Amino acid sequence: MAIKSLIINPGSTSTKIGVFEDETLLFEETLRHSTEEISQYATIVDQKDFRKKIITDLLAEKNFDMKSLGMVVGRGGMLKPIPGGTYAVTDDLLNDLKIGKQGQHASNLGGILAREIGDELGVPSFIVDPVVVDELEPIARYSGVPELPRTSVFHALNQKAVAKRYAKEIGKDYDTLRLIVVHMGGGVSVGAHINGKVVDVFNALDGDGAFSPERAGAVPSGALIKMCFSGQYTEKEVYKKIVGGGGFNAYLGTNDMRTVTKRANEGDQAAIDAKAAFIYQVCKDMGSMACVLEGKVDQIIVTGGIAYGPEVIEAMKKYAGWIAPFTVYPGEDELLALAQGGLRVLNGEEKAKEY
């Protein structure tokens, strides 16, 4: 019997929802929230009732019977580091979402809303592969400073989803493959997947690796220290240079790769150079992960919005095509990935992980 699901993916100024029947999307909607609407709430958790009402109001407008749902799945938030998989929203998980175990972020609301709506309907609630998925090998945590271990913060949902999609398409089990997966969106993450685990990955938020449209990636640490203590910037201002104002934003004043490409094609030398440097750095990250995989790489999978650019993919193949063949899945279908995670549990393909 087909399973209907409500999928909830909250962002800072929007709530994206989708309703599926098995893996078929019945409808989706992105509900936008103005700054004025959001600013009246002191904390992320305080927004819960506001966001819940607009979700239920939309479903009512579409005459959708919520009692027909078999599960509710929310985007996972800033929990403690956990292995990848689908997690039932238990009391402990719910509590850590509410307190923001590793920080306050709108995605924390995904599991909170899923649990509340699911409980009201008497159906299970889940989260799937949150950004804090941590499967790093112990050796990968060394940074050179014991107080500053390398951490795993990346596009786990999309990386895992495309890796499993590729495995299914070639008729193999994800747990048997050795893959390099590259997500290129507002942030960039490059991960080494061995036998179903992301054993090493560049921190896509504020850590290391290539710069991206709006993040600095790795920067010279000595120069960063001097900047921090120069007296010219507050802590908040420095962090903004690393997350939000870094990368293409810093070099070109835009975080849109389409704009960068247009300017480059029109002969803008700054855009030409920055785009080339971006591709160069991402490919260096791919080379690093090829070493993690000891050169035994079954496939390089490239995903995210920037993967829509054929010229980017072709340039990357010139640098890294010798490592392994490329498979490209442009964009990111997070709603479907969340639905698939819940379905794998309800269909008996996986067991829900314990938080």
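Refer to the preceding data block for the structure.
Quantities reported herein were computed from a predicted structural model and do not represent experimental measurements.

Draft legend 1. Up close: the sheet that holds strand β6 (residues 125-128). The six strands lie next to each other as β3-β2-β1-β4-β6-β5, forming an open sheet whose pairing is mixed. The strands lining the two open edges of the sheet, one partner per strand, are β3 (24-32) and β5 (86-88). Averaged over all pairs of adjacent strands, the angle between strand axes in this sheet comes to 25 degrees, irrespective of strand direction. As paired strands, β5 and β6 are joined by three bridges and run antiparallel to one another. If you follow Tyr 87 over to β6, its bridge partner there is Ile 127.

Draft legend 2. Examining empty space enclosed by the protein more closely. The full count for this structure, using the stated rule, is one cavity of 30 Å³ or more. Of the voids in this model, the largest cavity is the one considered here, and its volume is about 50 Å³. Lining the largest cavity, in full, are Val 188, Asn 203, Ala 204, Leu 205, Asp 206, Gly 207, Asp 208, Ala 210, Phe 211, Ser 212, Arg 215 and Gly 217.

Draft legend 3. Seen up close, the packing of helix α3 (residues 91-99) against helix α4 (residues 108-121). At a closest axis distance of 9 Å, the pairing of α3 and α4 adopts a crossing angle of 135 degrees. With respect to their mutual orientation, α3 and α4 come out oblique. Once α3 is placed against α4, the crossing between them reads as left-handed. Mapping the contact onto sequence places Asp 91, Leu 94, Leu 97 and Lys 98 in α3 and Asn 108, Gly 111, Ile 112 and Arg 115 in α4.

Draft legend 4. Spotlight on helix α9 (residues 257-265). All buried positions along α9 are accounted for by Met 257, Val 260, Thr 261 and Ala 264. Buried residues of α9 fall within an arc of 95 degrees about the axis and therefore sit on the same side. Summarising the geometry of α9, the exposed residues directed more than 90 degrees from the buried face are Arg 258 and Lys 262. Elements that come into contact with the buried residues of α9 comprise α8 (248-252), α10 (269-292) and α11 (310-320). At the N-terminal boundary of α9, the capping side chain belongs to Asp 256, with an oxygen 2.8 Å from the backbone nitrogen of Arg 258. Phi for Gly 267, located one or two positions after α9, is positive at around 95 degrees.

What counts as what
Throughout, residues of each chain are indexed from 1 in the direction in which the sequence is written. Owing to the predicted nature of the model, reporting of local features is limited to residues with pLDDT of at least 70; listing and counting of side-chain atom pairs is limited to 80 or more, with chain, interface and lining totals taken over all residues. Only hydrogens and water are removed before side-chain values are computed, so all heavy atoms of the structure are retained for them. DSSP calls a pair of strands paired once it identifies at least 2 bridges connecting them. Strands here are runs of E lasting at least two residues and helices are runs of H or I lasting at least four, both read from the DSSP assignment and numbered beginning at the N terminus. To get an axis, a line is fitted to the C-alpha atoms, and for a helix only the part in contact is used. The angle between two axes follows their N-to-C directions and goes from 0 to 180 degrees. Cavities and pockets are defined on a 1 Å grid built over the protein atoms alone: a cavity is a set of grid points where a 1.4 Å probe fits but cannot escape, while a pocket is an open set with protein on both sides within 12 Å along at least five of seven lines, and lining residues are those with an atom within 4 Å of any such point. Grid points are joined across faces, edges and corners, and a volume is the space filled by probe spheres set on the points. Note on terminology: angles under 35 degrees are roughly parallel, angles over 145 are roughly antiparallel, angles of 65 to 115 are roughly perpendicular, and the others are oblique. Note on convention: near helix rotated counterclockwise from far helix by under a right angle means a left-handed crossing. Clockwise means right-handed. In what follows, a contact means two residues having at least one pair of non-hydrogen atoms within 4.5 Å. Relative accessibility decides the category of a residue: with a 1.4 Å probe and only protein chains considered, values under 20% of the type maximum give buried, values over 50% give exposed, and everything between is partly exposed. Here the arc refers to the set of directions running from the helix axis out to each C-beta atom. Contacts described as polar in this section are N or O atom pairs within 3.5 Å, which, within protein, must combine one atom able to donate a hydrogen with one able to accept it, while residues neighboring in sequence count only if both atoms come from side chains.

Function cannot be inferred from these measures alone, as they are strictly geometric.
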